[in-house]
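So the chains spell out like this:
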Amino acid sequence: MKFFIDTANLAQIKEAHELGILDGVTTNPSLMAKEGIRGEEAITKHYKDICDLVDGDISAEVLSTDFATIIEEGKKLADIHPNIVVKVPMIKDGIKAIKWFTDNGIRTNCTLVFSAGQAILAAKAGAAYVSPFIGRIDDSGWDGVQLIEQIVQIFSIQGYKTEVLAASIRNPNHIIQCAAAGADICTCPLESILGLLKHPLTDIGLAKFLEDAKKM
Ligand code: E4P
């Protein structure tokens, strides 16, 4: 399973990259706004900065919802860097746009996916990635990991090339469950990635080894 970081914060991206396990980055308008990125020029510069930091796929989301403007915006985003993947919402014009981008050699990440039916449509349209939001599904009282399992199974049976990118990760256990469910990628906040490192027995064991090392 590939690891993406789900943030637009350059310091966090750098920290995850320095761990040596980072394969890509996902952003969304909320994450960009959180970093104070405003206006076309600043947005373009920020995506360039991310691409300079990480040699992997970087999802950049369109802000429009009608076909013509999604295409116009997506083309500009794709021109920023070859690693940019245009993130398109799961709406009717979004699916039309994903098909257009596929036919014109631009890779897409279909976002805001909450059902297997939506994932099938995105795959049929040729999306490179489909992003089921598992944390938000859990928040609504449903089972996000179960959806990942279902989509992975359907894509395998149907031979779809679209990769399953588990998004809206809330904790380290989500990452483990997504790996077990066969997700191709997990996009995670830095905190959840670092959470994978932690185990109290590791801390206790290391403290003892360091103490005994003084006697060596
Ligand atoms: C990533 O592609 C999504 O935009 C993101 O994971 C959503 O996460 P959230 O539900 O924590 O906002």
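Structure first, text after, so check above.
Residues numbered from 1 in each chain as written. Predicted model: local features only at pLDDT ≥ 70, side-chain atom pairs only at ≥ 80, totals over all residues. Heavy atoms only, no water.

Engineer: Give me the lowdown on the pattern of salt bridges, citing residues and values where you can.
Structural biologist: Under the definition given, this model contains 10 salt bridges. A salt bridge links Arg107 to Asp57; its shortest N-O distance comes to 2.7 Å. Of the two residues, Arg107 sits in the loop between helix 5 (92-103) and strand 5 (108-113) while Asp57 sits in strand 3 (residues 57-61), which places them 50 residues apart along the sequence. By relative accessible area, which is 34% here, Arg107 ends up partly exposed. Of the residues examined, Asp57 reaches a relative accessible area of 13% and is grouped as buried. Because the salt bridges share partners, they merge into one network encompassing Lys208, Asp212 and Lys215. (Salt bridge = Lys/Arg side-chain N within 4 Å of Asp/Glu carboxyl O. Helix = DSSP H or I, 4+ residues; strand = E, 2+ residues; numbered from the N terminus. Buried < 20%, exposed > 50% of the residue type's maximum accessible area, 1.4 Å probe, protein only.)

Engineer: Give a detailed account of the sheet that holds strand 5, specifying residues and quantitative values.
Structural biologist: Taken together, 8 strands build a closed barrel; the order of strands is 1-2-3-4-5-6-7-8 and the barrel is parallel. In this sheet, neighbouring strand axes are inclined to one another by 30 degrees on average, regardless of whether the strands run parallel or antiparallel. Strands strand 5 and strand 6 (129-132) of the sheet are contacted by helix 6 (residues 116-124), whose axis makes an angle of about 165 degrees with strand 5. (Pairing = 2+ DSSP bridges. Axes fitted to C-alpha atoms, helices over the stretch in contact; angles between N-to-C directions. Contact = heavy atoms within 4.5 Å.)

Engineer: How would you summarise the pairing of strand 5 if you had to cite specific residues and measurements?
Structural biologist: For strand 5, the tally of buried residues reaches 5 of 6 residues, placing the bulk of the element in the interior. Judged from the 4 bridges that link them, strand 4 (residues 84-89) and strand 5 form a sheet pairing that is parallel. Residue pairing for strand 5: Val86 is matched across the bridge by Thr108. In this region the chain leaves strand 4, passes through helix 5 and returns to the parallel neighbour strand 5; the handedness of that crossover is right-handed. (Right-handed = clockwise from strand over helix to strand, strands pointing away.)

Engineer: Quick rundown of the packing of aromatic side chains? Include the residues and the values.
Structural biologist: Applying the stated criterion across every chain, the model contains 4 aromatic pairs. Seen in terms of ring centroids, Phe4 and Tyr129 are 5.9 Å apart; in terms of plane orientation they differ by 75 degrees. Their pairing is edge-to-face. Of this pair, Phe4 sits in strand 1 (residues 2-6) while Tyr129 sits in strand 6, and the two are 125 residues apart along the sequence. By relative accessible area, which is 1% here, Phe4 ends up buried. Residues Trp100 and Phe101 carry aromatic rings whose centres are separated by 5.7 Å and whose planes lie at 80 degrees to one another, so their mutual orientation is edge-to-face. When its relative accessible area of 0% is taken as the criterion, Phe101 is described as buried. (Phe/Tyr/Trp six-rings, centres within 6.5 Å; stacked < 30°, edge-to-face > 60°.)

Engineer: Describe unusual backbone geometry, and please don't skip the residues or the numbers.
Structural biologist: Even without being a glycine, Leu112 presents a positive backbone phi close to 65 degrees. With respect to the helices and strands, Leu112 occurs in strand 5.

Engineer: Would you mind going over the packing of helix 6 against helix 8 (residues 144-158) in detail, with residue names and values included?
Structural biologist: Where helix 6 meets helix 8, the closest approach of the two axes is 10 Å, and the angle between their N-to-C directions is 40 degrees. As for how helix 6 packs across helix 8, the hand of that crossing is right-handed. The segment helix 6 lies against helix 8, with Ala116, Ala119, Ile120 and Ala123 engaging Leu147, Gln150, Ile151, Ile154 and Phe155. Residues that form the contact of helix 6 with helix 8 fall into these classes: 8 nonpolar, 1 polar and no charged. (Left-handed = near helix turned anticlockwise from the far one by under 90°. Nonpolar A, V, L, I, M, F, W, Y, C, P; charged D, E, K, R; others polar.)

Engineer: Mind laying out the site of the ligand, listing which residues take part and the relevant values?
Structural biologist: In the vicinity of the ligand, the residues found are Asp6, Thr26, Asn28, Lys87, Phe133, Arg136, Ala167, Ser168 and Arg170. Here Asp6 contributes a side-chain N or O atom positioned 2.5 Å from an oxygen atom of the ligand. Taking Asn28, its side chain carries an N or O atom lying 2.7 Å from an oxygen atom of the ligand. Against a free-state accessible area of 350 Å², the protein chains account for coverage of 84% of the ligand. Tallied by class, the residues present in the shell around the ligand amount to 2 nonpolar, 3 polar and 4 charged. (Near = heavy atom within 4 Å. Polar contact = N/O pair within 3.5 Å; in protein donor to acceptor, adjacent residues only side chain to side chain. Areas by Shrake-Rupley, 256 points an atom, 1.4 Å probe, with all protein chains shown as cover.)

Engineer: Any chance you could break down the side chain of Ser168 for me, citing the residues and the numbers?
Structural biologist: Position of Ser168 among the secondary structure elements: in the loop between strand 7 (163-166) and helix 9 (172-181). Here the side chain of Ser168 touches Arg136 through a polar contact of 3.1 Å, landing on its backbone nitrogen. Aside from chain neighbours lying at most four places away, what touches Ser168 is Phe133, Ile134, Gly135, Arg136 and His174.

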